[in-house]
Amino acid sequence: MSSFTILSFFGGVMLLLYGMSLAGESMQRLAGARLRSILFAATGNRLRATAVGAAVTALFQSSSATTVMLVGFAGAGLIGLRQTMGVILGADIGTTLTVQIIAFKVYDYAVILVGLGGFLRFVAKGGRLRDTGQSILGFAFVFLALKILIDTFAPLAGDPLLAEVLGGLDRDPLAGVIISTVITALLHSSAATLGLAMTAASSGLMSVEAVVPAVLGANIGTCISAVTSSIGAEVPARRVALAHILFKLCGVAVALPFIGPFAHIVEALSSDPARQIAVAHTLFNIAIAAIFLPFIGPFARLIETMVPDRGRSEKFGPRYLDDIVLSSPSLALGQAAREALRTADIVQEMLRGSLEVLRGDDMELLERVEERDNEVDLLEKEIKLYVARLSRESLSEEQVRRELEILTFINNLENIGDVIDKNLMELARKKINRRLSFSSDGMAEITALHGKVMENFEISVGAFTNSDVELARRLLARKAKFAEMEREMRQAHIDRLRRGLRESIDTSAIHLDVLTNLKRINSYTAGVAYQILEREKGA
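Computed from a prediction, not measured in an experiment: that's the story for all the values here.

Cut-offs and rules
- Every residue gets a number counted from 1 within its own chain, in the order that chain's sequence is written.
- Note on the predicted model: pLDDT of at least 70 is required for a residue's local features to be given, and 80 or more for side-chain atom pairs to be given and counted; whole-chain, interface and lining totals, by contrast, use all residues.
- Side-chain measures here rest on the full set of heavy atoms in the structure, leaving out hydrogens and waters.
- Helix and strand definitions follow DSSP, with helices as H or I runs of at least four residues and strands as E runs of at least two, each counted in order from the N terminus.
- Relative accessibility decides the category of a residue: with a 1.4 Å probe and only protein chains considered, values under 20% of the type maximum give buried, values over 50% give exposed, and everything between is partly exposed.
- Using a 1.4 Å probe, accessible areas were evaluated by the Shrake-Rupley method; residue-level cover was limited to the displayed protein chains.
- Whenever a carboxyl oxygen of Asp or Glu lies within 4 Å of a side-chain nitrogen of Lys or Arg, that contact is scored as a salt bridge.
- Each Phe, Tyr or Trp ring (for Trp, its six-membered ring) is paired with any other whose centre lies within 6.5 Å, and the angle between the two planes then decides the class: stacked below 30 degrees, edge-to-face above 60, tilted in between.
- Charge-over-ring contacts are defined here by two conditions on Lys NZ or Arg CZ: a distance within 6 Å of the ring centre and an angle within 35 degrees of the ring normal.
- Here a helix's expected span is defined as the number of its residues, less one, multiplied by 1.5 Å.
- Fitting a line to C-alpha atoms yields each axis, with helices limited to the stretch in contact; the angle taken between N-to-C directions then spans 0 to 180 degrees.
- Angles are sorted into four bins: roughly parallel if under 35 degrees, roughly antiparallel if over 145, roughly perpendicular if 65 to 115, and oblique for all others.
- Crossing handedness follows the turn of the near helix against the far one: under a right angle anticlockwise gives a left-handed crossing, and clockwise gives a right-handed one.
- Any pair of residues with heavy atoms lying within 4.5 Å of one another is described as a contacting pair.
- Under the scheme applied here, ten amino acids are nonpolar (Ala, Val, Leu, Ile, Met, Phe, Trp, Tyr, Cys and Pro), four are charged (Asp, Glu, Lys and Arg), and all others, including Gly, are polar.
- Patches were defined on residues exceeding 30% relative accessible area and lacking a salt bridge, with like-charge contacts within 9 Å and nonpolar side-chain contacts (Val, Leu, Ile, Met, Phe, Trp, Tyr) within 5 Å.
- Grouping buried Ala, Val, Leu, Ile, Met, Phe, Trp, Tyr and Cys residues that are joined through side-chain atoms within 4.5 Å yields what is termed a nonpolar core.
- None of His or the chain ends enter the tally, which takes Lys and Arg as positive and Asp and Glu as negative.
- Polar contacts here mean pairs of N or O atoms no more than 3.5 Å apart (in protein, one a potential hydrogen donor and the other a potential acceptor; neighbouring residues in sequence count only if both atoms are side-chain atoms).

> Summarise the overall build of the protein; cite the residues concerned and give the values.
Scanning the protein from N- to C-terminus turns up 24 helices and 0 strands. Expressed as a percentage of the 539 residues in the protein, the buried residues total 55%. When the accessible surface of the protein is split by element, carbon and sulfur atoms take 60% of a total near 23500 Å².

> I'd love a proper account of the pattern of salt bridges, names of residues and values included.
A side chain with one charge can pair with a side chain of the opposite charge if their charged atoms come near. In the structure shown here, the tally under the stated rule is 21 salt bridges. For Glu356, the salt bridge goes to Arg359, with nearest N and O atoms at 2.9 Å. Taken together, the residues span about one helical turn, with Glu356 and Arg359 both in helix 17 (residues 329–360) at a distance of 3 residues. Given the relative accessible area of 38%, Glu356 is considered partly exposed. Notably, a salt bridge pairs Arg368 with Glu364, separated by 3.5 Å at the nearest N-O pair. With a gap of 4 residues between them, Arg368 and Glu364 both fall in helix 18 (residues 363–388), about one helical turn apart. A relative accessible area of 43% means that Arg368 is categorised as partly exposed.

> Pulling in residues and values, what's your account of the packing of aromatic side chains?
This model, assessed by the stated rule, comprises 5 aromatic pairs. Ring geometry for Phe247 and Phe299: centres 4.9 Å apart, planes at 15°, overall stacked. Separated by 52 residues along the polypeptide, Phe247 in helix 13 (residues 235–255) and Phe299 in helix 16 (residues 296–306) bring together distant segments of the chain. Every member of this aromatic cluster is reached through a ring pair, and the members are Phe247, Phe292 and Phe299. Arg121 extends its terminal NZ or CZ atom over the ring of Phe122, reaching a point 5.4 Å from the ring centre. Positioned above the aromatic ring of Phe464, the side-chain terminus of Arg402 is 4.4 Å from the ring centre.

> Explain helix 20 (residues 440–466) to me, and be specific about the residues and the numbers.
For helix 20, spanning 27 residues, the distance from its first C-alpha to its last is 40 Å, which sits close to the expected 39 Å at 1.5 Å a residue. A positive phi of about 50° marks Ser467, the residue just after helix 20.

> Pulling in residues and values, what's your account of unusual backbone geometry?
Phi is positive for Asp361, close to 55°, though the residue is something other than glycine. Mapped onto the elements of the fold, Asp361 is located in the loop between helix 17 and helix 18. Positive phi, normally seen in glycine, also occurs at Arg435, with a value near 55°. Residue placement: Arg435 occurs in the loop between helix 19 (397–433) and helix 20. Classification of Arg435 as exposed rests on a relative accessible area of 76%.

> Account for the packing of helix 13 against helix 16, with residues named and values stated.
Put simply, helix 13 and helix 16 touch, their axes get as near as 10 Å, and they point 120° apart. When the axes of helix 13 and helix 16 are compared, the pair comes out oblique. Of the two possible hands of crossing, helix 13 and helix 16 adopt the one that is right-handed. Residues Arg239, Leu242, Ala243, Leu246 and Phe247 of helix 13 form the contact with helix 16, whose own contacting residues are Phe299, Ile303, Glu304 and Met306. For the contact of helix 13 with helix 16, the per-class residue count stands at 7 nonpolar, no polar and 2 charged.

> Outline the packing of helix 10 (residues 190–202) against helix 11 (residues 208–221), supporting the account with residue identities and numerical values.
Put simply, helix 10 and helix 11 touch, their axes get as near as 9 Å, and they point 170° apart. Relative to helix 11, helix 10 is oriented roughly antiparallel. Along its contact with helix 10, which presents Ser190, Thr193, Leu194 and Ala201, the element helix 11 presents Val211, Ala214, Val215 and Ala218. Here the contact of helix 10 with helix 11 is composed, by residue class, of 6 nonpolar, 2 polar and no charged.

> With reference to specific residues and values, describe the environment of Leu187.
Here Leu187 lies in helix 9 (residues 173–187). When its relative accessible area of 18% is taken as the criterion, Leu187 is described as buried. Linking Leu187 and Thr222, residues 35 residues apart in sequence, is a C-alpha distance of 9.1 Å. Once residues lying within four places of it in the same chain are set aside, the contact partners of Leu187 are Val13, Leu17, Ala192, Thr193 and Leu196.

> Talk me through a nonpolar patch on the surface; I want residue IDs and the actual numbers.
On the surface, a cluster of nonpolar side chains totalling about 400 Å² of accessible area is made up of Leu174, Ile178, Val182 and Leu186. Along the chain, Leu174 falls in helix 9.

> Tell me about the environment of Ala463, residues and numbers included.
Structurally, Ala463 is set in helix 20. Expressed as a C-alpha distance, the spacing of Ala463 and Leu475, which sit 12 residues apart in the sequence, is 8.6 Å.

> Account for the nonpolar core, with residues named and values stated.
Ranked by size, the top nonpolar core spans 68 residues in total, and within it Ile383, Ile406, Ile420, Met425, Ile446, Val514 and Ile521 carry the most contacts. Every element with two or more residues in this core is listed here: helix 17, helix 18, helix 19, helix 20, helix 21 (469–499), helix 23 (508–525) and helix 24 (527–538). In terms of residue count, the dominant contributor to this core is helix 17 (14 residues). Discounting chain neighbours no more than four positions away, the residues touching Ile420 are Val347, Met350, Leu351, Ser354, Val369, Met425 and Ile521. Among the nonpolar cores identified, the runner-up in size contains 58 residues, and Leu81, Ala214, Ala278 and Phe292 belong to it.

> So what's going on with the side chain of Arg275? Residues and values would help.
Relative to the assigned elements, Arg275 resides in helix 15 (residues 273–292). Here Arg275 occupies a buried position and makes no salt bridge, while the nearest side chain of opposite charge, Asp272, is found at 5.3 Å.

> So what about the side chain of Lys248? Which residues, and what values?
Counting through the fold element by element, Lys248 comes out in helix 13. At a separation of 3.3 Å, a polar atom in the side chain of Lys248 contacts the side chain of Asp92. Reaching out from Lys248, the side chain makes a polar contact with the side chain of Asn219 at a distance of 2.8 Å. Leaving out residues up to four positions away in the same chain, Lys248 has contacts with Asp92, Asn219, Ile220, Thr222, Cys223, Phe284, Asn285 and Ile288.

> I'd love a proper account of the environment of Ala197, names of residues and values included.
Note on placement: Ala197 falls in helix 10. When its relative accessible area of 8% is taken as the criterion, Ala197 is described as buried. Taking the C-alpha atoms as reference points, Ala197 and Ala274, 77 residues apart in sequence, are found 8.1 Å from one another. For Ala197, the residues in contact, after removing those within four places along its chain, are Met206 and Ile277.

Distances and angles like these do not, on their own, reveal function.
This is the structure:
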């Protein structure tokens, strides 16, 4: 085998992997935020979960990607084991669609597809048309790579040594399974492995009996990514990974003794070597789904027994920022938004507690409020670092705007937490230490203004959650009214000072600073509205 042949083979494999990655990323962007809702549509119905898994995997061009995401969702407590198992079985069926497409002999049209995809990609300034062009370009690269590999393998068909090695796989199917498993684990794609097998089979280097073990091994190898991603993860994530690999191992164990009859069925369905691989791949995964779907309940209980729940770690930290889903921007941004909303819950508790401290002089509650600001600071930092790891090139315009909304929202939450911790609680501590009391009118005003802040905070969270333009407009309108209300209360306090009220005189500096800081908090609360309205303007 010449050095040129080796380089051609290497280049073809790299082009194949790049094409599949490009197509998958582009189709994910085309799906956008709907991808997340599609995946979570897999509720209690097993057949629906299977259909969802098949659809999402057809979009991703990789069952490994789908399963790795499920590991992340399970670890975050977003999806249950029984739901996940149906999706996994569907994902294994969905990934066969990619192999079926590859099996079509469209190699001669690859250059035309490159031209079409490249034209759309460069002509379109952005948005769905550009992503459509990029996905076509990705598939074109896959077909072009297969053409290169077929041309590379063709001269080798007469090589006795290579023919002996590949031909021997039908005599030792277990070796074929192991080799295919290792190759798939290295390439992180069963479709890529089977694409290589197609080119070898089309060149006459592999018989049907040798191809079937390659199909079985590729199905085991595609589990490796999920297993690797579950190492060190929470119990639910490890259960998902174990379920996936057990599905495959059990299926291969059942199929291995019947490779001969299975190969005859495949031959009867198609005489084309490439199509035979696609048929074998599809039949195997449909058979696994048919066998395991009726027994998901007992199988789930077996998995739960094998991986017992030992409880979650008590250490505080991010709950939803899973590195596993960073390869899918829409899902990663969804997880970042969930963590931001969790942060908002903590800030809302701090805000509610701040009034109780000012009203009841509760020093213990004051210290708890201050401690919670450390949690807010930690989550704010982790969310920023997480979002920063998303590649700007892989984000659509809509996703870039959502990224800015998340960063703005979490930054404002951190600022609110700091105002509560370093300003309001410091004022409360001063009030407690000096044994001061607000006048009844003064406390009523602070309570009323604080109530408006709480209302606006809830509107802000609602606006952020749904990128709601109407809520954003309402928030800004309320901001102006809030400023007017704060000025009236400041004037009312000055009027009490003129009347010589002892309590107002004693607490004047604290009282006015509390009003000022509530106004600051309200300004931060309204901050996300500007990003949402800017997003609508851009759209």
